Amino acid sequence: MKTWLTLLFLVTISQLSATGSEFPKGRPDSRDSTCVRTCELPWSFRIYTVNKISEMILRTPNDSLPAATYNPRSKIAVGVGVFYRSVGIWTGLRIDILDKDKKTLAYDLQLNQYAKRFTNDLYLQYYEGVYLDNAFDYRFSSPIPPGAEFRNDIRTFSIGLNTNYYSNWKHFSTRAPFIQSELQLKNAGSAILGGSLNNFSFNADSSVIPNAKYLHPGQAVQSGSFYTIAGNIGYAYTFVWSKYGYINMNAIAGPGLTRWEYLVEDASGFKGVRPMLRFGGRISAGYNWDRFFTGMSAVIDQFNIFYNRNTVNYVFGNVRLFVGYRPDFNRGRSNR
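1. Some points on the overall build of the chain
When helices and strands are counted, the chain shows three helices and 16 strands. Relative to its 336 residues, the chain shows a buried fraction of 51%. Partitioning the intrachain contacts of the chain with sequence separation of at least 6 by distance along the chain shows that 73% fall at a separation of at least 24. Carbon and sulfur atoms make up 61% of the accessible area of the chain, which amounts to about 16,300 Å² in all.

Here it is, written out as structure tokens:
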């Protein structure tokens, strides 16, 4: 685990958020130039805020117990980004306002690549110390002790790769709404095909279900590990208005298989293979002028994992607000 954390720390300092090959200067683009155009000014600088999402939801066979929703609270960062064409680096600083009095540890790396035909997502997350977000739901059905809303003994780890192919890439740009290195000139959409590989695990010193006394001993889950493979099918569309305004929406879903393993408080173990469902989406909106650009984007993924009558949902992603500028470094230079 220390090796993973060291890697996460080093890579998070300079997050590579987008990469992709560019055509050499003078070589024509094979896409429809009436629908997609590369920005004339290659350099861009931006400032941003980002809110990382990492949520674990556990449902039990006991209908009288609410689902337990755990979430780390300090996931907000501010920073700057520098891009040349479609290759860029984000560097941010995490803000620990809510967790400064609690013992927590968080490493969250999310890389998003936007190429002409494909998008690729890589994430690597480790959280130690989480909050029971829906503690109020337990006040009446199964009261929990004061202070139990924060669990510093719960640790979660996840790693995964997701890739998608956009069939209408000659008329549809994924770069325009998400990294602003291109302009979408007309409304366009595209079918999406892809797949994902993921691993998610959690462990704690006692049952992760609040008030496990209400459960059968075989349901008081203390740790779990899941390896999943899933397919993606979906659709994306970008609306363009007033030449520079845009709204982009992506939605995907697909079935998959999970190899799962649980341990409960009485040290019993359970494992097997079960079906699962994956849902994901992206949305972006803003204005992309020739020199200035601003907007927001969100990337969300969700995995629903089934174990007998228990269900584990894992949701992750990020929401980003940004404003940027493209300088003209050639302006004012004399022609020689």
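2. Comments concerning the pattern of salt bridges
Tallying each qualifying case throughout the model produces seven salt bridges. Residues D153 and R151 are paired through a salt bridge, measuring 2.8 Å at the closest nitrogen-oxygen approach. Here the salt bridges do not stand alone but share partners, grouping R31, R175 and E182 into one network.

3. Brief notes about the pairing of strand β7 (residues 105–114)
Burial runs high along β7: eight of the ten residues are buried. Judged from the ten bridges that link them, β7 and strand β8 (residues 118–132) form a sheet pairing that is antiparallel. Bridged to Q110 within β8 is Y123. Counting the residues between successive antiparallel strands, the hairpin from β7 to β8 contains three residues.

4. Side note on the packing of aromatic side chains
Counting across every chain of the model gives 21 aromatic pairs. Between the aromatic rings of W43 and F45, the centroid separation amounts to 6.5 Å while the plane-to-plane angle is 15 degrees, which identifies the pairing as stacked. Relative accessible area serves as the criterion here: at 34%, F45 is assigned to the partly exposed category. The interplanar angle of 55 degrees and the centroid separation of 5.2 Å between the aromatic rings of F118 and Y165 together place this pair among those described as tilted. With a gap of 47 residues between them, F118 in strand β8 and Y165 in strand β9 (residues 150–166) connect regions that are remote in the sequence.

5. Considerations on a nonpolar patch on the surface
Residues F239, W241, I247, M249, I283, Y287, W289, F292 and Y325 make up a contiguous nonpolar surface patch of about 800 Å² in total accessible area. For the nonpolar patch, the elements supplying multiple residues, two or more each, are β12 (221–241), β13 (245–264) and β14 (269–288). Here I283 shows up in strand β14. For I283, a relative accessible area of 35% translates into the label partly exposed.

6. Section: the nonpolar core
Core analysis: the biggest nonpolar cluster contains 29 residues, and L58, Y70, F202 and F226 have the highest contact counts within it. Among the secondary structure elements, those contributing two or more residues to this core are β3 (43–59), β4 (68–71), β8, β11 (188–203), β12, β13, β15 (292–307) and β16 (310–325). Beyond its immediate sequence surroundings of up to four residues, L58 is in contact with A67, A68, Y70, F202, V208, I209, T311 and V312. With twelve residues, the next largest nonpolar core counts A77, W90, V299 and F322 among its residues.

7. Focus: unusual backbone geometry
In this model, S242 sits at a positive phi of 50 degrees, which is unusual for a non-glycine residue. Relative to the helices and strands, S242 is located in the loop between β12 and β13. Judged by relative accessible area, S242 falls into the exposed class, the value being 58%. Phi angles above zero are rare outside glycine, and K243 is one such case at about 70 degrees. Mapping K243 onto the fold places it in the loop between β12 and β13. Using a relative accessible area of 60% as the deciding quantity, one classes K243 as exposed.

8. Quick word on the confidence of the model for the chain
Confidence along the chain averages 83 in pLDDT terms, with 83% of residues attaining 70 or more. Every residue in residues 1–26 is under pLDDT 50, and counting partners more than four places away or in other chains gives 62 contacts.

Rules of the game
- Residues numbered from 1 in each chain as written.
- Predicted model: local features only at pLDDT ≥ 70, side-chain atom pairs only at ≥ 80, totals over all residues.
- Heavy atoms only, no water.
- Helix = DSSP H or I, 4+ residues; strand = E, 2+ residues; numbered from the N terminus.
- Buried < 20%, exposed > 50% of the residue type's maximum accessible area, 1.4 Å probe, protein only.
- Contact = heavy atoms within 4.5 Å.
- Areas by Shrake-Rupley, 256 points an atom, 1.4 Å probe, with all protein chains shown as cover.
- Salt bridge = Lys/Arg side-chain N within 4 Å of Asp/Glu carboxyl O.
- Pairing = 2+ DSSP bridges.
- Phe/Tyr/Trp six-rings, centres within 6.5 Å; stacked < 30°, edge-to-face > 60°.
- Patch = residues over 30% accessible without salt bridge, like charges linked within 9 Å, V, L, I, M, F, W, Y side chains within 5 Å.
- Core = buried A, V, L, I, M, F, W, Y, C linked by side-chain atoms within 4.5 Å.
- pLDDT = per-residue confidence, 0-100.

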